[in-house]
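What the coordinates show
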Amino acid sequence: MLLVGPMAAQAQDFPGGRPLLPPRAIPEATLAEPEDEPARDSGGAATRAPAPNTPMAHSALPLVPFSSARDAIRAWMRDSSAGNQLGAVRALEYAASQGHLTAQYKLGKMYAEGEGVSANDLKAFEYFSKIADDNADAIPGTADGRIVGSAFVALGSYFSDGIKGSYVKPNPDRAFDMFHYAASYFGDPDGQYNLARLYMKGQGTSRDPRQAARWMKLAAEKGHAPARAAFGEMLIRGGEGVPRQPVLGLMWLSLAREGADPAREAWILERYDAAFTAASTADRTAALALVERQQVAGARAAGAPTTR
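Another aspect to go through is the overall build of the protein chain. Looking only at helices and strands, the protein chain features 13 helices and 2 strands. Taken over 308 residues, the protein chain has a buried fraction of 43%. Contacts spanning at least 24 positions in sequence make up 54% of the contacts within the protein chain whose residues lie at least 6 apart. When the accessible area of the protein chain is evaluated, it comes to approximately 16300 Å², of which 51% is carbon and sulfur surface.

Structure, rendered in structure tokens:
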């Protein structure tokens with residue numbers, strides 16, 4: 001595929017060993033063909049089911065007539081606020097069927113997490129696939145670009161583990177493609193973190209600790225707490241092409257601890273405690289001084305007042 005526009009401009013901007021190309025189209029489920037005759041409602045009027053190659057076709061919810069996708073989004077917001085989950089989902093389904101990117105992504109997340117609907121990873125996968133297939137050239141840094149980058153990350157996770165009982169099988173090569181595209185083209189920190197982990201393990205690509213460290217550092221610099229913790233441990237440990245820098249490693253672990261969610265990322269707190277317990281007093285003092293500098297620099301960049 002020939003790269004054009006912003007994709008071509010960014011093709012050489014990021015580390016990684018593969019050319020920056022949109023991954024192959026995501027496979028879709030093989031669904032039953034629609035009947036020749038449309039179904040009819042109780043009043044005899046013909047109704048038409050959504051096309052079988054869209055996620056909408058899997059839903060038991062009927063299409064609700066709205067004047068536009070924007071009208072459906074307004075209905076979704078209204079029904080969500082009123083606690084009408086059924087109406088909210090119907091509105092989102094309609095907007096998604098009209099190609100509304102945010103609606104497609106929201107539905108994918110809802111099915112992935114079982115939020116307001118029964119959890120269904122295959123439906124989530126198909127919504128994320130639709131987003132990735134139709135919007136691979138979205139402009140990075142925009143709202144749409146962030147949504148599409150997140151969809152590629154979600155697909156990478158599904159390809160890593162597969163979806164039990166479905167046509168989505170574990171595929172490390174495809175997982176690498178998804179994470180690599182999210183990380184390199186969209187600059188997505190979750191994609192960069194997951195790509196670094198694949199390089200660390202040698203899954204879907206050759207094991208390369210230096211590439212792992214480079215991608216982990218990019219994600220860490222964007223405030224990604226797990227990447228900060230992992231990069232910090234790399235610097236403390238050193239070796240395999242990564243220079244040992246214990247003070248910088250302790251700094252990154254400290255920053256990771258500050259941004260970690262204790263409920264979901266308790267491991268970061270454990271790694272921080274272990275590293276600081278093992279460190280010398282001089283290294284701990286130097287690391288905490290670097291943390292303070294980072295905090296002051298961050299506050300200045302954000303325009304907040306600073307005190308020393």
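Still more to cover.
Overall, the coordinates contain 7 salt bridges when judged by the stated rule. A salt bridge links Glu-240 to Arg-207, with the nearest nitrogen and oxygen atoms 2.7 Å apart. Placement of Glu-240 in the loop between α10 (225–237) and α11 (246–259) and of Arg-207 in the loop between α8 (189–201) and α9 (209–221) is noted, with a sequence separation of 33 residues between them. Residue Glu-240 is classed as exposed on the basis of its relative accessible area of 53%. Among the ionic pairs, Glu-233 bridges to Arg-271, the shortest N-O distance being 2.8 Å. Separated by 38 residues along the polypeptide, Glu-233 in helix α10 and Arg-271 in helix α12 (residues 266–278) bring together distant segments of the chain.

With that settled, the discussion passes to the packing of α9 against α10. The axes of two packed helices give the description: the angle between them and the distance between them. The interhelical angle for the contact between α9 and α10, taken along N-to-C directions, is 135°, at an axis separation of 8 Å. Classified by the interaxial angle, the pair formed by α9 and α10 is oblique. Taken as a pair, α9 and α10 cross one another with a handedness that is left-handed. Between α9 and α10, the contacting residues are Ala-212, Ala-213, Met-216, Lys-217, Ala-219 and Ala-220 on the first element and Ala-227, Arg-228, Ala-230, Phe-231 and Met-234 on the second. Grouping the constituent residues of the contact of α9 with α10 by class yields 9 nonpolar, no polar and 2 charged.

For helix α13 (residues 281–301), spanning 21 residues, the distance from its first C-alpha to its last is 30 Å, which sits close to the expected 30 Å at 1.5 Å a residue. On the buried face of α13, the contacting elements are α11 and α12. At the exit of α13 stands Gly-303, carrying a positive phi of roughly 80°.

Approximately 570 Å³ is the volume found for the largest pocket. Together, 24 residues line the largest pocket, and Val-153, Ser-157, Phe-179, Asp-190 and Asn-194 are the ones closest to its centre. For the lining of the largest pocket, the class distribution of residues is 10 nonpolar, 6 polar and 8 charged.

Here the focus is the nonpolar core. Counting 69 residues, the largest nonpolar core has Phe-128, Phe-152, Met-216 and Phe-231 as its most contacted members. The leading source of residues in this core is helix α6 (residues 143–161), at 9 residues. Those residues in contact with Phe-128 that sit more than four places away from it in its chain are Tyr-105, Gly-108, Lys-109, Ala-151, Ala-154, Leu-155 and Tyr-158. The next biggest cluster of nonpolar side chains, apart from the first, holds 12 residues, and it includes Ala-225, Leu-250, Ala-279 and Ala-287.

This part is about the packing of aromatic side chains. Applying the stated criterion to the full structure yields 14 aromatic pairs. Geometrically, the ring pair formed by Tyr-181 and Tyr-185 is stacked, given 5.3 Å between the ring centres and 20° between the ring planes. Residue classification places Tyr-181 among the buried positions, given a relative accessible area of 1%. For the pair Tyr-181 and Phe-186, a centre-to-centre distance of 5.8 Å together with 90° between the ring planes defines the contact as edge-to-face. For the residue pair Tyr-181 and Phe-186, the accessibility class agrees, reading buried in each case. In this structure an aromatic cluster arises from ring pairing among Phe-125, Tyr-158, Phe-159 and Tyr-167.

Mean pLDDT over the protein chain works out to 83, with 77% of the residues at or above the 70 mark. Low pLDDT (under 50) marks residues 1–17, which in the prediction has 30 contacts with non-local residues, meaning those over four places away or in another chain. Confidence over residues 27–54 falls short of pLDDT 50; this stretch has 27 contacts with residues more than four positions distant or in other chains.

Criteria and thresholds
Residues numbered from 1 in each chain as written. Predicted model: local features only at pLDDT ≥ 70, side-chain atom pairs only at ≥ 80, totals over all residues. Heavy atoms only, no water. Helix = DSSP H or I, 4+ residues; strand = E, 2+ residues; numbered from the N terminus. Buried < 20%, exposed > 50% of the residue type's maximum accessible area, 1.4 Å probe, protein only. Contact = heavy atoms within 4.5 Å. Areas by Shrake-Rupley, 256 points an atom, 1.4 Å probe, with all protein chains shown as cover. Salt bridge = Lys/Arg side-chain N within 4 Å of Asp/Glu carboxyl O. Axes fitted to C-alpha atoms, helices over the stretch in contact; angles between N-to-C directions. Parallel < 35°, antiparallel > 145°, perpendicular 65-115°, else oblique. Left-handed = near helix turned anticlockwise from the far one by under 90°. Nonpolar A, V, L, I, M, F, W, Y, C, P; charged D, E, K, R; others polar. Expected span 1.5 Å × (residues − 1). 1 Å grid on protein atoms, 1.4 Å probe; cavity = no way out; pocket = protein on both sides within 12 Å on 5 of 7 lines; lining within 4 Å. Points joined across faces, edges and corners; volume = space filled by probe spheres on them. Core = buried A, V, L, I, M, F, W, Y, C linked by side-chain atoms within 4.5 Å. Phe/Tyr/Trp six-rings, centres within 6.5 Å; stacked < 30°, edge-to-face > 60°. pLDDT = per-residue confidence, 0-100.

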